[in-house]
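One-letter residues, chain by chain:
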Amino acid sequence: MRSTSRTGRRRLPAGERRAEILRAASVIAVSEGLDKLTAKRVAQAVGVVPGLVDYHFKSADELIAAAFSHAATADNDAVFEHAARTDHPVDQVRQLMQAWLHQDRDPVSLLWLDAWQASRRRPALLTAVTRQMNAAQDRLQAHIEAGVSQGCFRLDNAGYAAMHILVLIDGLSPQAAMRTKIDYAEVRELITATAERILGLDEGTLAATQDHDRTDT
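In what follows, the accompanying structure is described. (Residues numbered from 1 in each chain as written. Predicted model: local features only at pLDDT ≥ 70, side-chain atom pairs only at ≥ 80, totals over all residues. Heavy atoms only, no water.)

### Here we look at the overall build of the chain
We apply this condition: Note on conventions: DSSP H or I runs of at least 4 residues are helices, E runs of at least 2 residues are strands, and numbering of each starts at the N terminus. Working definition: with a 1.4 Å probe on protein chains only, accessible area under 20% of the residue-type maximum means buried, over 50% means exposed, and in between means partly exposed. Each accessible area is a Shrake-Rupley estimate made with a 1.4 Å probe; only the visible protein chains count as cover when residues are assessed.
For the chain, the count of helices and strands is ten helices and zero strands. In the chain, the succession of helices and strands from N to C terminus is α-α-α-α-α-α-α-α-α-α. A buried classification covers 44% of the 217 residues belonging to the chain. Per element, the accessible surface of the chain, about 11800 Å² overall, is 50% carbon and sulfur.

### Description of the packing of aromatic side chains
Our working definition: Working definition: rings of Phe, Tyr and Trp (its six-membered ring) pair if their centres are within 6.5 Å, and the pair is stacked with planes under 30 degrees apart, edge-to-face with planes over 60 apart, and tilted otherwise. When the NZ atom of lysine or the CZ atom of arginine is within 6 Å of a ring's centre and also within 35 degrees of its normal, the charge is said to sit over that ring.
Enumeration over the complete set of coordinates arrives at three aromatic pairs. With 5.7 Å between their ring centres and 75° between their planes, F80 and W100 make a pair best called edge-to-face. Here the residue F80 occupies a position in helix α4 (residues 60-83), and W100 occupies one in helix α5 (residues 89-100), the gap between them amounting to 20 residues. The class for F80 is buried, based on a relative accessible area of 3%. Between W112 and W116 the ring centres are 5.5 Å apart and the planes differ by 45°, which places this aromatic pair in the tilted class. With a gap of four residues between them, W112 and W116 both fall in helix α6 (residues 106-118), about one helical turn apart. The structure contains a cluster of three or more aromatic residues connected by ring pairs, namely F68, W112 and W116. Note that K58 overlies the ring of Y55, its terminal NZ or CZ placed 4.7 Å from the centroid.

### Overview of the environment of A195
To be explicit about the condition: In what follows, a contact means two residues having at least one pair of non-hydrogen atoms within 4.5 Å.
Position of A195 relative to the elements: it lies in helix α10 (residues 184-199). Given a relative accessible area of 0%, A195 falls into the buried group. Residues A195 and H164, spaced 31 residues apart in sequence, show a C-alpha to C-alpha distance of 8.3 Å. In contact with A195, not counting residues within four places along its chain, are M97, I165 and L206.

### A look at the side chain of S119
Summarising the element assignment, S119 is placed in the loop between α6 and α7 (123-149). When its relative accessible area of 7% is taken as the criterion, S119 is described as buried. The residues touching S119, leaving out its near neighbours within four places in the chain, are L125, L126 and V129.

### Focus on the pattern of salt bridges
Cut-off, in case you're wondering: A pairing counts as a salt bridge when a side-chain nitrogen of Lys or Arg comes within 4 Å of a carboxyl oxygen of Asp or Glu.
For the coordinates displayed, the defined rule picks out five salt bridges. For D77, the salt bridge identified is with R139, shortest N-O distance 2.8 Å. A residue pair is termed long-range when its members are at least 10 positions apart, and D77 in helix α4 and R139 in helix α7 qualify at 62 residues. Judged by its relative accessible area of 27%, D77 falls in the partly exposed class. For R94, the salt bridge identified is with D91, shortest N-O distance 2.5 Å.

### A look at the nonpolar core
How we decide: Think of a nonpolar core as a cluster: buried Ala, Val, Leu, Ile, Met, Phe, Trp, Tyr and Cys residues, connected wherever their side-chain atoms sit within 4.5 Å.
In terms of nonpolar packing, the biggest core is built from 32 residues, with M97, W100, L140, I144, F153, I165 and L199 touching the most fellow members. Among the elements of the structure, α4, α5, α7, α8 (158-170) and α10 are those that each provide at least two residues to this core. In this structure, M97 is in contact with I165, I169, I191, T192 and A195, ignoring residues within four places of it in sequence. Counting residues in each nonpolar core, the second largest holds 31 residues, with F57, F68, A115 and L125 among its members.

### Side note on the environment of I165
Mapped onto the elements, I165 comes out in helix α8. Excluding its chain neighbours within four sequence positions, the residues that come into contact with I165 are M97, L140, I144, A195, I198 and L199.

### Points about the packing of α4 against α5
Short version of the rule: A fitted line through C-alpha atoms serves as each axis, taken over the contacting stretch for helices, and the angle formed by two N-to-C directions is quoted from 0 to 180°. Handedness of a crossing is defined here by the sense of rotation of the near helix relative to the far one, left-handed for an anticlockwise turn of less than a right angle and right-handed for a clockwise turn. Think of it as three bins: nonpolar holds Ala, Val, Leu, Ile, Met, Phe, Trp, Tyr, Cys and Pro, charged holds Asp, Glu, Lys and Arg, and polar takes everything else, Gly as well.
For the pair α4 and α5, interaxial distance at closest approach is 8 Å and the crossing angle is 145°. α5 is crossed by α4, and the crossing has right-handed handedness. When α4 is examined against α5, the residues V79, F80, H82 and A83 are found in contact with a partner set consisting of Q92, Q95, L96, A99 and W100. Residue classes in the contact of α4 with α5 are distributed as six nonpolar, three polar and no charged.

It is worth stressing that arrangement in space is one thing and function is another; only the former is reported here.
What follows is the structure in structure tokens.
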């Protein structure tokens, strides 16, 4: 039988406890913002003493970077894995666009905005943000390259196209922060029309016929 701590919590192996703390930190990062992410707040959520959080994450920068990476990876995995359920490259990009241009993603957009701002003074977070941005671009580029090889997209540089589209998507982060309401119908029309031109698609090819059913992240 596993022992319990003085707080009544069951003792876990170090790896399991770190994973539990990281999951809680990720939830707080998305729901409350990176500025609320402290060892004390995470410990409260997990039901442990703050010193245990400090044991697993040696600094606030390390904790924030890890929580951001966990949340961003989960979001990207959910979006790209959902798109991969269809075989056609155009359908895959359409699914990606619909997921990224949905109001359900506002909390993740705000998380990214937090991370970009805070990374100026947090080296570990800057590394994590850069890695996540590159990973998303690489995954989108792979979808685009598959479309080019199958004759679906007409363009010369898949990497540039992926970066261009993601820059458009990233523009939603400050909009989500500053506006009380975003007209996503207009946003989708604007960004998908631009993406169609970037990919050499006919007008309306990527237009969503109905709202995309997001998977939970």
